[in-house]
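Okay, here's what each chain looks like letter by letter:
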Amino acid sequence: MIIQLKTNADEQIIAGLIARLEATPATVIRIKNHLAIPEVKTTELSAAEADVVAEMIEKTPAAVLGSRLFQPEDTIIKLPHSVIGGKGNFTMMAGPCSVESEEHVRKMAKVAKAGGATLLRGGAYKPRTSPYSFQGLGEDGLKYLREAADENGMDVITEVMDETHVDLIAKYTDVFQIGARNMQNFSLLKAVGKTNVPVALKRGLAGTVDDLLNASEYIAAGGNHQIMLLERGIRTFDNKYTRNTFDLAAVPVLQKLSHYPVIVDPSHAVGEWDLVTPMAHAGVASGASGMIVEIHDDPEHAFSDGPQALKPDTYLKMTEQVYAIRQLMDSWE
Ligand code: PEP
Ligand code: MN
């Protein structure tokens, strides 16, 4: 249940109400004038308690903090160079799949920036299907990524795979990416939930919408409410022509259920560069708050995910078209 408190309500009575609910026992989370009591559906209020309550919403979803019922307004994440979420904002994030070298990531940052990206992506710790594939440059990669972003006035998004790396990566990044394979790595979610670094949570390969929302709740329950949700394609019965199935219906569904910004990742969704542009068009048209896309100047020799990387010219053309679609959509409202 969610309890909306009256403004200027008696704090002593509120404290009493919280203590009574906690004694049942239940978890009570207070954020400003809202109480979230995830496991409890309803309660009888005394006359004094009723006096401090503006509204009681029964039968709330499990992912209560991320729910629109708890917070109707969009979450807006503000970084030094980017605003993510909220009406009228569209954020482009681009870069190579992996940070490959200092020189390469600098080159890619310039391209990303030229296409309007305000966040530079690149993995320094890579979740690879095979342990023999390139695993990332580690801290050196983080340094190169940070320097390349700073040189171009951009923010950084990079993946954190392991809870033991959280403090180290926090020194270099503006956004933690939680990869699809780690969507339900609850100790990692709890670890990033204790930081104040925004988190981009990718939908797991077999994650339902509710699984994704519940995973985001682990982060929010730790006190970190700067969360964005990433649709990057899911595994279905047919991966013959696309790496995954791009579930674009999940974008408006997530926006209806949750106040977090929803970002689309057409690169991992389709896995083939020539399918990325049409699905980037569809991704922006789905109403997403932003997009993350992989680029590479020499995809044949990329350290990871070469087949899905857009070459600079293709990327620049794609982003121009995406902004035109976004502009058209804005003119409808
Ligand atoms: C990536 O962003 O390069 C990545 C590994 O993504 P995902 O977790 O979606 O597979
Ligand atoms: Mn990748």
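That block above? That's the structure.
Residues numbered from 1 in each chain as written. Chains lettered and ligands numbered in written order. Predicted model: local features only at pLDDT ≥ 70, side-chain atom pairs only at ≥ 80, totals over all residues. Heavy atoms only, no water.

### A short note on the nonpolar core
Membership of the largest hydrophobic core comes to 70 residues, with the highest contact counts inside it found for Leu120, Leu201, Met291 and Tyr315. It is helix 7 (residues 209–221) that contributes the most residues to this core, 6 residues altogether. Setting aside its immediate chain neighbours within four residues, Leu201 contacts Ile178, Met183, Leu189, Leu212, Ala215, Ser216, Ile219, Met228, Leu229 and Leu230. The next biggest cluster of nonpolar side chains, apart from the first, holds 15 residues, and it includes Met1, Leu17, Leu35 and Val40. (Core = buried A, V, L, I, M, F, W, Y, C linked by side-chain atoms within 4.5 Å. Buried < 20%, exposed > 50% of the residue type's maximum accessible area, 1.4 Å probe, protein only. Helix = DSSP H or I, 4+ residues; strand = E, 2+ residues; numbered from the N terminus. Contact = heavy atoms within 4.5 Å.)

### Remarks on the side chain of Glu217
Relative to the helices and strands, Glu217 is located in helix 7. No salt bridge is formed by the buried Glu217. Its closest oppositely charged neighbour is Arg68, at 13 Å. At a separation of 3.1 Å, a polar atom in the side chain of Glu217 contacts the main-chain amide nitrogen of Val64. (Lys, Arg positive; Asp, Glu negative; His and termini not counted. Salt bridge = Lys/Arg side-chain N within 4 Å of Asp/Glu carboxyl O. Polar contact = N/O pair within 3.5 Å; in protein donor to acceptor, adjacent residues only side chain to side chain.)

### Regarding the coordination of the manganese ion (ligand 2)
Protein coordination at the manganese ion (ligand 2): the donors are Cys97 (SG), His268 (NE2), Glu294 (OE) and Asp305 (OD), at 2.0 to 2.4 Å from the metal. Of note, the donors binding the manganese ion (ligand 2) are all from one chain and are spaced C-x170-H-x25-E-x10-D. Placement of the pair is Cys97 in the loop between strand 7 (91–95) and helix 3 (102–114) and His268 in helix 9 (residues 266–270), with a sequence separation of 171 residues. Looking at Cys97, the relative accessible area reads 6%, which means it is buried. (Donors = N, O, S within 2.8 Å, 3.2 Å for Na, K, Ca; no water.)

### Observations concerning the pattern of salt bridges
Overall, the coordinates contain 14 salt bridges when judged by the stated rule. Salt-bridge contacts for Lys202 lead to Asp265; the nearest nitrogen and oxygen are separated by 2.7 Å. Taken together, the residues span a long stretch of sequence, with Lys202 in strand 11 (residues 199–202) and Asp265 in the loop between strand 13 (262–264) and helix 9 at a distance of 63 residues. Overall, Lys202 belongs to the buried group, its relative accessible area being 3%. One network of salt bridges, with partners in common, ties together Arg106, Lys110 and Glu151.

### Observations concerning the side chain of Asn182
With respect to the helices and strands, the residue Asn182 is situated in the loop between strand 10 (175–178) and helix 6 (186–193). With residues near it in sequence (within four places) discarded, Asn182 still touches Glu159, Val160, Met161 and Leu188.

### Some points on the packing of aromatic side chains
What the rule picks out here adds up to 2 aromatic pairs. Each ring, one from Phe186 and one from Tyr218, has its centre 4.3 Å from the other, and the planes form 25 degrees; the classification is stacked. In this pair, Phe186 sits in helix 6 while Tyr218 sits in helix 7, placing the two residues 32 residues apart along the sequence. Accessibility expressed as a relative area gives 33% for Phe186, which makes it partly exposed. For Tyr218, a relative accessible area of 32% corresponds to the partly exposed category. (Phe/Tyr/Trp six-rings, centres within 6.5 Å; stacked < 30°, edge-to-face > 60°.)

### Concerning the site of ligand 1
Around ligand 1 there are 13 residues in total, and Arg121, Ala180, Arg181, Lys202 and Arg232 lie nearest to it. Here the residues of the shell around ligand 1 sort into 3 nonpolar, 3 polar and 7 charged. (Near = heavy atom within 4 Å. Nonpolar A, V, L, I, M, F, W, Y, C, P; charged D, E, K, R; others polar.)

### What about the pairing of strand 14 (residues 290–294)?
When you tally the buried positions in strand 14, you get 5 out of 5 residues, the bulk of the element. Residues Gly290, Ile292 and Glu294 point to one face of strand 14 and Met291 and Val293 to the other, with burial holding for every one of them. By the bridge criterion, 5 bridges tie strand 7 to strand 14 in an arrangement that is parallel. Bridge pairing in strand 14 links Met93 to Ile292. As paired elements, strand 13 and strand 14 share 2 bridges and run parallel to each other. In the strand pairing of strand 14, Val264 is matched with Met291. (Pairing = 2+ DSSP bridges.)

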